[in-house]
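# Summary of structural features
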Amino acid sequence: MSRTGRCLCGAISYQIDAEPQVVALCHCDDCQRQSGAAFSTNALFPKAALTIQGEPAVYHTTGTDSGQDRQRLFCGTCGSALFTMLDDMPDVAIVKAGTLDDRTGYAPAVEVWRHSAQEWVAAGEGRQAFDRGLPAA
Ligand SMILES: [Zn+2]
Ligand SMILES: [Zn+2]
């Protein structure tokens with residue numbers, strides 16, 4: 001099944017022809033700063049299933065634990081955060097689930113970087129929570 005999504009202004013849109021491998025709430029400091037929100041909802045897909053229309057801008061960060069490059073792709077016009085690509089997970093595309101056109105069925109199963117979660121954000125019942133990133137598969 002395929003899903004579509006876009007940034008706020010529509011300059012960048014995308015299609016994904018796969019179901020997510022995992023949907024995770026991320027409380028990391030970088031996600032909080034990039035989104036302006038308390039956490040981001042990140043859906044992990046096989047990178048090959050993602051088709052992007054438009055030219056996202058890229059900001060590079062370094063993974064706190066991995067020391068590896070993270071490419072944070074966003075719309076240079078409206079600023080929407082869209083995707084993150086990790087050098088240490090080259091076959092995975094992380095999609096900011098808030099940019100999907102249809103967000104049904106994307107309840108997160110896990111929470112990562114709980115150690116930097118804002119104090120008012122209680123860990124969700126039934127979600128597996130990790131103090132730091134996802135353990136290496
Ligand atoms: Zn945009
Ligand atoms: Zn994060």
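Along each chain, the written sequence defines residue order, and numbers are assigned to residues from 1. All chains are assigned letters beginning with A, and all ligands numbers beginning with 1, in the order in which they are written. Where totals are concerned, whole chains, interfaces and linings use all residues; where local detail is concerned, this predicted model gives features only for residues with pLDDT of at least 70, and gives and counts side-chain atom pairs only at 80 or more. In computing side-chain properties, one takes all heavy atoms of the structure into account and sets aside hydrogens as well as water.

## Details of unusual backbone geometry
- The phi angle at Trp113 is positive, at roughly 55°, despite the residue not being glycine.
- One can find Trp113 in the loop between strand E10 (110-112) and strand E11 (128-129).
- Relative accessibility thresholds used throughout: buried, under 20% of the residue-type maximum; exposed, over 50%; partly exposed, between the two (1.4 Å probe, protein chains only). Judged by relative accessible area, Trp113 falls into the buried class, the value being 14%. Secondary structure elements follow DSSP: runs of H or I of four or more residues count as helices, runs of E of two or more count as strands, with numbering from the N terminus.

## Concerning the pairing of strand E2 (residues 13-16)
- Alternating positions in E2 separate cleanly, Tyr14 and Ile16 being buried on one face and Ser13 and Gln15 remaining unburied on the opposite face.
- Connecting strand E1 (residues 3-6) to the antiparallel partner E2 that follows it, the hairpin turn spans six residues, and Gly10 within it adopts a positive phi of roughly 90°. Between any two strands, at least two bridges found by DSSP are needed for them to pair.

## Section: the coordination of the zinc ion (ligand 1)
- The coordination sphere of the zinc ion (ligand 1) contains the protein donors Cys7 (SG), Cys9 (SG), Cys75 (SG) and Cys78 (SG), at a distance range of 2.3 to 2.4 Å.
- The coordination sphere of the zinc ion (ligand 1) comprises four donor atoms, whose angles at the metal cover 107 to 114°; the geometry is tetrahedral.
- Exposure remark for Cys78: the relative accessible area of 26% places this residue in the partly exposed category. For Na, K and Ca the donor cut-off is 3.2 Å, while for other metals it is 2.8 Å, and in both cases only N, O and S atoms qualify; water is not among them, so sites may look incomplete. Key to geometry: four donors with every angle between 85 and 135 degrees are tetrahedral; four donors are square planar and six octahedral where opposite donors lie over 155 degrees apart and all remaining angles lie between 65 and 115; all other sites are irregular.

## Notes on the pattern of salt bridges
- Salt bridges are counted wherever a side-chain nitrogen of Lys or Arg sits within 4 Å of a carboxyl oxygen of Asp or Glu. Evaluation of the coordinates by the stated rule reveals six salt bridges.
- Between Asp102 and Arg3 there is a salt bridge, and its shortest N-O distance comes to 3.9 Å. Pair noted here: Asp102 is in the loop between strand E9 (89-96) and E10 and Arg3 is in strand E1, with a separation of 99 residues, a long-range link.
- Accessibility expressed as a relative area gives 36% for Asp102, which makes it partly exposed.
- Given a relative accessible area of 10%, Arg3 falls into the buried group.
- Residue Asp29 is joined to Arg33 by a salt bridge in which the shortest nitrogen-to-oxygen separation is 2.7 Å. In this pair, Asp29 and Arg33 both sit in helix H1 (residues 29-35), four residues apart, roughly one turn of the helix.
- A residue is classified by how much of its surface remains accessible, and Arg33, at 65% relative accessible area, is exposed.
- Among the ionic contacts, a cluster of salt bridges with common partners joins Glu111, Arg114 and Arg127.

## Describing the nonpolar core
- Take the buried residues of types Ala, Val, Leu, Ile, Met, Phe, Trp, Tyr and Cys, join any two whose side-chain atoms come within 4.5 Å, and each joined set is a nonpolar core. Ranked by internal contacts, the top residues of the largest apolar core, which has 20 residues, are Tyr14, Ile16, Phe45, Leu50, Leu82 and Phe83.
- Those elements that provide at least two residues to this core are E2, strand E4 (40-46), strand E8 (81-86) and E9.
- Considering every element that reaches this core, the biggest residue donor is E8, with three residues.
- Any pair of residues with heavy atoms lying within 4.5 Å of one another is described as a contacting pair. Among residues more than four places away in sequence, those in contact with Ile16 are Met1, Ser2, Arg3, Phe45, Ala49, Leu50, Val95 and Leu100.
- Grouped together as the second largest cluster of nonpolar side chains are eight residues, Ala24, Cys28, Cys31 and Val112 included.

## Brief notes about the sheet that holds strand E6 (residues 57-62)
- Read across the open sheet, the eight strands follow the order E6-E7-E8-E9-E4-E3-E10-E11; overall the sheet is mixed. Each edge of the sheet is formed by a strand with only one pairing partner; in this case those strands are E6 and E11.
- Pairing between strand E3 (residues 22-26) and E10: three bridges, direction parallel. Across the sheet, the residue bridging to Ala24 is Val110, located in E10.

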